[in-house]
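Descriptive structure summary
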Amino acid sequence: MKYLITGANGMLGSALCPMLAKDGGEIYPTDINTKGNNIYKLDIRDKEQVQAMVKEIRPDILFHLAAETNVDKCELEPEHAYQTNVLGTKNIALACKEMGIIMVYIGTCSIFDGKKQEPYRETDTPNPISVYSKTKLEGERIVQDLLEKYFIFRAGWMMGGNKKDKKFVAKIIELLETQKEIRAVDDKFGSPTFTFDISRAMIETIKVGRYGLYHMTNLGSCSRYELACKIKEYLKKDDVIIKPIPSSEFPLPAPRPRSEAVENFNLSSIGLGHIMRPWEEALKIYLEQLAKEHSE
Ligand SMILES: NC(=O)c1ccc[n+]([C@@H]2O[C@H](COP(=O)([O-])OP(=O)(O)OC[C@H]3O[C@@H](n4cnc5c(N)ncnc54)[C@H](OP(=O)(O)O)[C@@H]3O)[C@@H](O)[C@H]2O)c1
């Protein structure tokens, strides 16, 4: 199997690419910024460049990971978010359509407005409240409108990537190292998603071959505060105090939904519900991986 991957230099790409290669795949990782990692340069906003590369490589499956994932940057620079997350996705989907390639799109669970008390299922209606989530949902719709052979995998709060981790877990680890007291919001809920686990689940789902939309997060959900406390517990940082605060005390440019917790309903319905472990277990494994990497 031949795979072309966009955004391969990011958090998810750094778990997915080695796994695809280990599974016997011929991989063509691409990114806007190659950073000397044997990665081909591809800016998904450049339609001609996308067409030329997809034509040249002719992958069986194209994993479209590239996106502007900085939620606050998207809010402050909506045109940039649109160019990358919407038009970039359209360029990829059109190239897949022209060449009959299976497309994999990574969506986000933050497309819901967060008002539902229970975890969201794939049948729930999205109602995104931030620019990032709006552009990511538009990306989903483009894929669904243009293609028949596609997988959309919606991820939750991504954790993983080791040195490439630029999200909540990395920030809390850094604060635990440098501060005696840290604050974390206790009124925003989500489902953490370990890059290693979602990569494995995506590969297994593709093997089953049933196209469509899947929620794909680790099992369970938590608040940002609970997640921070678990990191503190696993890292044995007993001397640091974590203070729960309401999000109103931590204003950010982009609004976040109260809840983006989801249930992997469609994954369970194809018999793969067991493949995603509880988020606490996944977090523990990730922190152990990080500790091992630091000690080498
Ligand atoms: N991170 C999360 O919490 C989260 C949650 C749900 C879903 N997702 C989705 O999961 C996918 C993978 O995200 P990730 O967590 O791996 O994020 P990431 O670490 O930010 O990776 C995205 C990669 O895409 C690259 N990129 C940005 N603009 C590009 C362009 N115009 N052309 C080509 N590459 C471009 C980025 O490069 P630069 O870093 O140099 O800009 C980065 O290497 C994304 O589609 C994201 O929307 C992420």
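Here, every reference points to the structure presented above.
Reading the values: the criteria
One numbering rule holds for all chains: residues counted from 1, following each sequence as written. In keeping with the model being predicted, local features are shown solely for residues with a pLDDT of at least 70 and side-chain atom pairs are shown and tallied solely at 80 or more, while totals for entire chains, interfaces and linings include all residues. Note: side-chain values were computed over all heavy atoms of the structure, leaving out hydrogens and water. Comment: elements are numbered from the N terminus, with helices defined as DSSP H or I runs of at least four residues and strands as E runs of at least two. A 1.4 Å probe rolled over the protein chains alone gives each residue an accessible area, and that area as a share of the maximum for its type sets the label: buried under 20%, exposed over 50%, partly exposed in between. Here, two residues are considered to be in contact whenever any of their heavy atoms come within 4.5 Å of each other. Each accessible area is a Shrake-Rupley estimate made with a 1.4 Å probe; only the visible protein chains count as cover when residues are assessed. Counted charges follow a simple rule, with Lys and Arg positive, Asp and Glu negative, and His plus the chain ends left uncounted. Lys charges are placed at NZ, Arg charges at CZ, Asp charges at CG and Glu charges at CD. Proximity criterion: a residue is near a molecule or strand once any of its heavy atoms comes within 4 Å of it. By the criterion applied in these results, polar contacts are pairs of N or O atoms within 3.5 Å in which, for protein atoms, one can donate a hydrogen and the other can accept it, and in which residues neighboring in sequence qualify only through two side-chain atoms. In this count, Pro and Cys sit with the nonpolar residues alongside Ala, Val, Leu, Ile, Met, Phe, Trp and Tyr, while Asp, Glu, Lys and Arg are called charged and the others, Gly among them, polar. In this analysis, rings of Phe, Tyr and Trp, with Trp reduced to its six-membered ring, are considered paired at centre separations within 6.5 Å, and the interplanar angle assigns stacked below 30 degrees, edge-to-face beyond 60, and tilted for intermediate values. Two limits define a charge over a ring: the Lys NZ or Arg CZ must be within 6 Å of the ring centre, and within 35 degrees of the ring normal. A pair of strands counts as paired when DSSP detects no fewer than two bridges linking them. All axes are obtained by fitting lines to C-alpha atoms, using only the stretch in contact for helices, and the reported angles, taken between N-to-C directions, cover 0 to 180 degrees.

**Comments concerning the overall build of the protein chain**
The helix and strand inventory of the protein chain stands at ten helices and 14 strands. Dimensions of the protein chain along its principal axes, counting C-alpha atoms only, are 55 × 45 × 40 Å. Each of the 296 residues in the protein chain was classed as buried or not, and the buried ones make up 52%. For the protein chain, restricting intrachain contacts to residue pairs at least 6 apart in sequence, the fraction spanning at least 24 positions comes to 80%. Accessible area of the protein chain: about 13,700 Å², with a carbon and sulfur share of 50%. Computing the positive centroid from 41 side-chain charges and the negative centroid from 42, the protein chain places the two 1 Å apart.

**Brief notes about the site of the ligand**
Looking at the ligand, there are 27 residues lining it, with L12, D31, T69, Y132 and K136 nearest. At a separation of 2.7 Å, an oxygen atom of the ligand approaches a polar side-chain atom of T69. Y132 has a polar side-chain atom sitting 2.7 Å from an oxygen atom of the ligand. In isolation the ligand has 880 Å² of accessible area, and contact with the protein removes 90% of it. With three residues, strand 5 (residues 102–108) is the single largest residue contributor to the shell around the ligand. When grouped by side-chain class, the residues that make up the shell around the ligand number twelve nonpolar, nine polar and six charged.

**Concerning the packing of aromatic side chains**
Per the stated rule, a full pass over the model turns up eight aromatic pairs. With centroids separated by 4.0 Å and ring planes inclined at 5 degrees, the aromatic side chains of F112 and Y120 adopt a geometry described as stacked. With relative accessibility at 4%, the residue Y120 sits in the buried group. Ring plane angle 40 degrees and centroid distance 5.6 Å describe the contact between F194 and Y286, whose orientation is recorded as tilted. Placement of F194 in strand 10 (residues 192–194) and of Y286 in helix 10 (residues 279–295) is noted, with a sequence separation of 92 residues between them. Under the relative-accessibility criterion, F194 is labelled buried at 1%. Here the aromatic residues F151, F153, Y211 and Y214 are joined through ring pairs into a cluster of three or more. Its end group placed over the ring of W157, R224 keeps NZ or CZ at 3.7 Å from the ring centre. Over the ring of F168 we find R224; its NZ or CZ atom is 4.8 Å from the centre of that ring.

**Considering unusual backbone geometry**
The backbone of N162 shows a phi angle near 50 degrees, a positive value even though the residue is not glycine. Relative to the helices and strands, N162 is located in the loop between strand 7 (157–159) and helix 6 (168–178). We note that K236 has phi near 55 degrees; this positive angle belongs to a residue other than glycine. Relative to the helices and strands, K236 resides in the loop between helix 8 (224–234) and strand 13 (241–245). For K236, a relative accessible area of 67% corresponds to the exposed category.

**Side note on the sheet that holds strand 2 (residues 26–31)**
Within a sheet, adjacent strands bond to each other through the backbone by hydrogen bonds, running parallel or antiparallel. The seven strands are arranged 3-2-1-4-5-6-11 in an open sheet whose pairing can be described as parallel. The open sheet terminates on both sides in strands that have one partner only, identified here as strand 3 (40–41) and strand 11 (212–215). Pairing between strand 1 (residues 2–6) and strand 4 (residues 61–64): four bridges, direction parallel. Each residue of the ladder has a partner; that of Y3, found in strand 4, is I61. Set on the sheet, helix 1 (residues 13–22) makes contact with strand 1, strand 2 and strand 4; between it and strand 2 the angle comes to about 165 degrees. With respect to the sheet, helix 2 (residues 47–57) is in contact with strand 1, strand 2, strand 3 and strand 4, its orientation differing from that of strand 1 by roughly 160 degrees.

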